[in-house]
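Take a look at the letters that make up each chain.
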Amino acid sequence: MKLSHCITHLTGGGSDGWDVFYRARQMISDGYAVTELTIGEHDIRTDPSILEAMDLSARQGHTGYAMVPGTDLLRDTVAARLQARTGVPTTRNNVLITPGGQSALFAAHVAVCGPGNVGLYLDPYYATYPGTIRASGATARVIQTTAEDAFQPRPEQIEAAAGGAVSLLINTPNNPTGAVYSRPTLEGVAEICQKRDLWLISDEVYDTQVWDGEHISPRILPDMKERTLVVGSMSKSHAMTGSRCGWIVGPEEVISHLINLATHTTYGVPGFIQDAASFALNAGTSLEDKISEPFRRRRALAVSILSNQNTVGLVPAQGAMYVMLDIRATGLSGEEFANTLLDTQSIAVMPGESFGAAAAGHIRVAMTIDDERFESALNKICELAKELAQNTVARV
Ligand code: PMP
């Protein structure tokens, strides 16, 4: 039987640099002690107070079908949160609650892209981006950013790629690079979106994890509210990755169509999860500070360790729970370095290549283990890089 083109062409094929990840997982299940610094999973679990709110809600009977657009309470809470943070008037009619940020990314693309359209995204990118655009039926077109620009996109590069495109997907704070887009960067992006009549899909799931600079949502920029769809999530801010709770914030008309889409796809998010999310978001900043604090500390550790050597470069780590390291001085690709690191030090990191060609020669290190082991892993990475770089020089 023939399968659809859409489903069989969702991913590009090939390893895409994920072999190291699967190999590390296999080693762990075979009983080897591997230091796992691959994916964005916190080393702490959802706060007990959030679990209590979840339990209470479930016991009170919120285990049936919930309102498809989201509960009034959670939609109001998300709207108030965004309005307080951005100053942009936002009501529950601007909000759709989704099963996590990933399904919000998919729904946002379905809302604005389709077969025959082109959706733009920036390299390096979060692994699912091209497939998510393709899942809408559209063609995914990549735009390279560069290490030399600290992975901030240049408006002229976006404009050069914009022919025939209907949307642009951006992510700040950025996974994998840790870049936080500056106001000039976002103003440049907004200008191109207006000039080329593009929807802007703004993935802001790391908005509570900013170490340097400030998080600016492009929805606040002049004339951007009507063409911006903001994607948010409880996953990263509140260590609720498994709860699958996120949202899209956008113009009312788009949200009303997306509610229709949700009715025919997800049928909403469980009520007890939404009640737990409402509790967490209304608990002030203490719960999210508890989550972000260890990453802030480890990022400071990374800056200090990396400043004591000159083989490995640290891409300015402004936000999110990862640091991106430039290992080009070793003469190896990110994938080769990550494989060597796994084989010789039992440390698993993501090769830059798994996030696109622009991150070749880099590795992404998730800051998701305790400080002491994180420090030791970074020191080992630097030592290995130094050794490899010396061998490279000796060979030349
Ligand atoms: N966007 C980015 C940039 C991410 O890194 C992730 C998860 N790693 C997501 C979206 C999706 O997160 P979730 O579906 O758990 O909200």
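Now for a look at the structure at hand. Residue numbers restart at each chain and count upward from 1, following the sequence in its written direction. Note on the predicted model: pLDDT of at least 70 is required for a residue's local features to be given, and 80 or more for side-chain atom pairs to be given and counted; whole-chain, interface and lining totals, by contrast, use all residues. For the side-chain quantities, the full set of heavy atoms in the structure was used; hydrogens and water were omitted.

1. Section: helix α12 (residues 286-307)
Helix and strand assignments come from DSSP, with helices taken as H or I runs of at least 4 residues and strands as E runs of at least 2, each series counted from the N terminus. Here the expected span of a helix is defined as 1.5 Å times the quantity of residues minus one. Spanning 22 residues, α12 covers 31 Å between terminal C-alpha atoms, matching the ideal 32 Å at 1.5 Å per step. Note that the bend at a residue is defined as the angle between axes fitted to the seven residues ending at it and the seven residues starting at it. Of all the bends in α12, the greatest, near 35°, is centred on Ser-292, and the proline Pro-294 appears no more than four residues after it. The classification of residues rests on relative accessible area computed with a 1.4 Å probe and restricted to protein chains. Under 20% of the type maximum is buried, over 50% is exposed, and intermediate values are partly exposed. Among the residues of α12, Leu-287, Glu-288, Ile-291, Ser-292, Pro-294, Phe-295, Arg-298, Arg-299, Leu-301, Ala-302, Ile-305 and Leu-306 are the ones counted as buried.

2. Quick notes on the packing of aromatic side chains
Working definition: a ring pair exists when centres of Phe, Tyr or Trp rings (six-membered ring for Trp) sit within 6.5 Å. Plane angles under 30 degrees give stacked, over 60 give edge-to-face, the rest tilted. In this structure the tally under the stated criterion is 5 aromatic pairs. Between the aromatic rings of Tyr-121 and Tyr-125, the centroid separation amounts to 5.1 Å while the plane-to-plane angle is 80°, which identifies the pairing as edge-to-face. When sorted by exposure, Tyr-121 lands in the same class as Tyr-125, which is buried. Ring centres of Tyr-126 and Tyr-129 lie 5.9 Å apart, and the angle between their planes is 90°; on these two criteria the pair is classed as edge-to-face. In this structure Tyr-126 comes out as partly exposed when scored by relative accessible area, which is 31%. Owing to a relative accessible area of 3%, Tyr-129 belongs among the buried residues under this scheme.

3. Quick word on the pairing of strand β5 (residues 165-171)
Judged by how many residues are buried, β5 sits mostly within the fold: 7 of 7 residues are covered. Both strand β3 (residues 118-123) and β5 contribute to a ladder of 4 bridges, which runs parallel. When the sheet's bridge partners are listed, Val-118 is paired in β5 with Ala-165. The pairing criterion is simple: DSSP has to find at least two bridges between the two strands. As paired elements, β5 and strand β6 (residues 199-203) share 5 bridges and run parallel to each other. Note that in β6 the partner of Leu-168 across the bridge is Leu-200. With the strands pointing away from the viewer, any crossover whose connection runs clockwise from the first strand over the helix to the second is right-handed. Following the chain from β5 across helix α8 (residues 183-195) to the adjacent parallel β6, one finds a crossover that is right-handed.

4. What to know about the packing of helix α4 (residues 72-86) against helix α11 (residues 271-281)
Helix axes are fitted to C-alpha atoms over the stretch in contact, other axes to C-alpha atoms as well, and angles between N-to-C directions run from 0 to 180 degrees. Interhelical geometry of α4 versus α11 gives an angle of 30° and a closest axis separation of 9 Å. With respect to α11, the axis of α4 lies roughly parallel. Note on packing geometry: the crossing formed by α4 with α11 is left-handed. Between α4, through Leu-73, Leu-74, Thr-77, Val-78 and Arg-81, and α11, the contact on the second element is made entirely by Gln-274, Asp-275, Ala-277, Ser-278 and Leu-281. Angle categories are assigned with fixed cut-offs, so that under 35 degrees is roughly parallel, over 145 is roughly antiparallel, 65 to 115 is roughly perpendicular, and the rest are oblique. By convention, the crossing between two helices is left-handed when the near helix turns anticlockwise from the far helix through less than a right angle, and right-handed when the turn is clockwise. Two residues form a contact once any of their heavy atoms are found within 4.5 Å.

5. Section: the environment of Gln-83
Mapping Gln-83 onto the fold places it in helix α4. Between the C-alpha atoms of Gln-83 and Ile-220, which are 137 residues apart in sequence, the distance is 9.9 Å. Non-local contacts of Gln-83, meaning those with residues more than four positions away in its chain, are made with Val-88, Pro-89 and Thr-90.

6. Focus on the site of the ligand
Nearness is defined per residue: one heavy atom within 4 Å of the molecule or strand is enough. The local shell around the ligand holds 15 residues, among which Gly-101, Asp-203, Ser-233, Ser-235 and Arg-244 are the closest. Residues adjacent in sequence count toward polar contacts only when both atoms are side-chain atoms; beyond that, a polar contact is any pair of N or O atoms within 3.5 Å, and within protein one must be able to donate a hydrogen and the other to accept it. The contact in question runs from a nitrogen atom of the ligand to an N or O atom on the side chain of Asp-203, over 2.5 Å. Here a nitrogen atom of the ligand and a side-chain polar atom of Lys-236 are 2.9 Å apart. Throughout, the Shrake-Rupley method with a 1.4 Å probe supplies accessible areas, and for residues the shown protein chains are the sole cover considered. Here the ligand has 400 Å² of accessible area as a free molecule, and 93% of this is covered by the chains. Going through the elements one at a time, α5 (100-112) and α9 (234-237) are the ones with two or more residues in the shell around the ligand. Broken down by element, the shell around the ligand gets its largest block of residues, 4 residues, from α5. For this classification, the nonpolar set comprises Ala, Val, Leu, Ile, Met, Phe, Trp, Tyr, Cys and Pro, the charged set comprises Asp, Glu, Lys and Arg, and every other residue, Gly included, is treated as polar. Class assignment of the residues belonging to the shell around the ligand gives a composition of 5 nonpolar, 7 polar and 3 charged.

7. Some words on unusual backbone geometry
Residue Pro-124 is bonded to the preceding Asp-123 through a cis peptide linkage, with omega at 5°. Tracing the backbone shows Pro-124 in the loop between β3 and α6 (129-135). Although it is not a glycine, Ala-239 sits at a positive phi angle of roughly 50°. Tracing the sequence through the fold places Ala-239 in the loop between α9 and β8 (246-249). The class for Ala-239 is buried, based on a relative accessible area of 5%.

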